[in-house]
Amino acid sequence: MHSSIPTPVLARALSLVSLMALTPACDPGDEPPPTPPAPVERPASLDVPMKSQRGGTSHRAGENCMTCHGPNGLGPGRFTVAGTAVTSERRPNPDTTLVLSTERNGGGTVVLTLEADANGNFYTTEPVPLPDTLLYPKVMNTTSGGYNFMPFSTASGACNVCHVGRMPVYLE
């Protein structure tokens, strides 16, 4: 018996079938990845200067501030750096100061210093050299003298993208 399918086509088809057989099936409980939101037309009137300060107030501690206060959000201020510091009990830590510098543990040149507000949130619209210049975050408790720092640099000022859930910024 002679096949009418050309050999290269048959070989390619068999290769694809073999690959499909080796590809693991999705778990029936898996959900498809969420569809990213459509870009928002952000009015220029929202890009007002803002900076956290000790004693000030804000909202939504622990959430990604850049969702609303970033290039695709509709909150006032286009933040360049924003995040939340909490105590080990996961309560907002208003006694926090954030330092971004060019070397670990606050060394090198200090590029930015921010005070947390009453909700433990720190944020600014001031220009920073991220992502072109990698910076090292350090948080300090102005009352206890305690501190915590990242031993590696970051290219993002959206601190709560990583530091939420099981990875908050603890500071006693």
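Residues numbered from 1 in each chain as written. Predicted model: local features only at pLDDT ≥ 70, side-chain atom pairs only at ≥ 80, totals over all residues. Heavy atoms only, no water.

Participant: Whenever I open this one, unusual backbone geometry confuses me. Can you help?
Facilitator: Peptide bonds are mostly trans, and most non-glycine residues show a negative phi. In this structure, Pro131 follows Leu130 across a cis peptide bond, with omega equal to 0°. For Pro131, the location among the structural elements is in the loop between β4 (121-124) and β5 (136-141). Of note, Arg90 is a non-glycine position whose phi angle comes to about 65°, a positive value. Mapped onto the fold, Arg90 is located in the loop between β1 (81-86) and β2 (96-101). For Arg90, a relative accessible area of 46% corresponds to the partly exposed category. (Helix = DSSP H or I, 4+ residues; strand = E, 2+ residues; numbered from the N terminus. Buried < 20%, exposed > 50% of the residue type's maximum accessible area, 1.4 Å probe, protein only.)

Participant: What is the right way to look at the pattern of salt bridges in this model?
Facilitator: Pairing of side chains with opposite charge becomes possible as their charged atoms draw close. A full pass over the atoms with the stated rule returns three salt bridges. Put simply, Arg42 and Asp47 hold a salt bridge, and the shortest N to O gap is 2.7 Å. The exposure class of Asp47 is partly exposed, given its relative accessible area of 36%. Of the charged contacts, one joins Glu63 and Arg60 as a salt bridge, the two residues approaching to 4.0 Å between their closest N and O atoms. You can call Glu63 partly exposed: its relative accessible area is 41%. (Salt bridge = Lys/Arg side-chain N within 4 Å of Asp/Glu carboxyl O.)

Participant: What should I look at first to understand the sheet that holds strand β3 (residues 110-115) in this one?
Facilitator: The strands making up a sheet associate through hydrogen bonds between their backbones, and the pairing can be parallel or antiparallel. Pairing within the open sheet is antiparallel, and its four strands lie in the order β3-β2-β5-β6. Each of the sheet's edge strands pairs with one partner strand only, and the pair in question is β3 and β6 (147-149). Here the average twist between neighbouring strands, direction ignored, is 15°. Here β2 pairs with β3 via five bridges, running antiparallel. Paired with Ser101 across the bridge in β3 is Val110. (Pairing = 2+ DSSP bridges. Axes fitted to C-alpha atoms, helices over the stretch in contact; angles between N-to-C directions.)

Participant: Help me out: how do you make sense of the layout of surface pockets in this one?
Facilitator: Quantified by volume, the largest pocket comes out at close to 380 Å³. Around the largest pocket sit 21 residues that line it, and Pro137, Met150, Cys159, His163 and Val169 are the ones nearest its centre. For the lining of the largest pocket, the secondary-structure elements that each account for two or more residues are β5, β6 and β7 (169-170). For the lining of the largest pocket, the element with the highest residue contribution is β5, accounting for three residues. Tallied by class, the residues present in the lining of the largest pocket amount to 16 nonpolar, four polar and one charged. A volume near 220 Å³ is recorded for the second largest pocket. Lining the second largest pocket are 13 residues, with His59, Arg60, Cys65, His69 and Phe79 sitting closest to its centre. At the level of secondary structure, the elements contributing two or more residues to the lining of the second largest pocket comprise α2 (66-69) and β4. Ranked by residue count, the leading element in the lining of the second largest pocket is α2, at three residues. A breakdown of the residues in the lining of the second largest pocket according to their chemical character gives five nonpolar, six polar and two charged. (1 Å grid on protein atoms, 1.4 Å probe; cavity = no way out; pocket = protein on both sides within 12 Å on 5 of 7 lines; lining within 4 Å. Points joined across faces, edges and corners; volume = space filled by probe spheres on them. Nonpolar A, V, L, I, M, F, W, Y, C, P; charged D, E, K, R; others polar.)

Participant: Mind showing me how you'd approach the packing of aromatic side chains here?
Facilitator: Any pair of aromatic rings gets described here by the distance separating the centres and the angle formed by the planes. Considering all chains together, one arrives at two aromatic pairs under this definition. Each ring, one from Phe79 and one from Tyr123, has its centre 4.9 Å from the other, and the planes form 20°; the classification is stacked. Of this pair, Phe79 sits in the loop between α2 and β1 while Tyr123 sits in strand β4, placing them 44 residues apart in sequence. The same class applies to Phe79 as to Tyr123, namely buried. Judged by centre distance (6.3 Å) and plane angle (20°), the rings of Tyr147 and Phe149 are stacked. Tyr147 gets classed as partly exposed once you look at its relative accessible area, which sits at 48%. Positioned above the aromatic ring of Tyr147, the side-chain terminus of Lys138 is 4.6 Å from the ring centre. (Phe/Tyr/Trp six-rings, centres within 6.5 Å; stacked < 30°, edge-to-face > 60°. Lys NZ or Arg CZ within 6 Å of the ring centre and 35° of its normal.)

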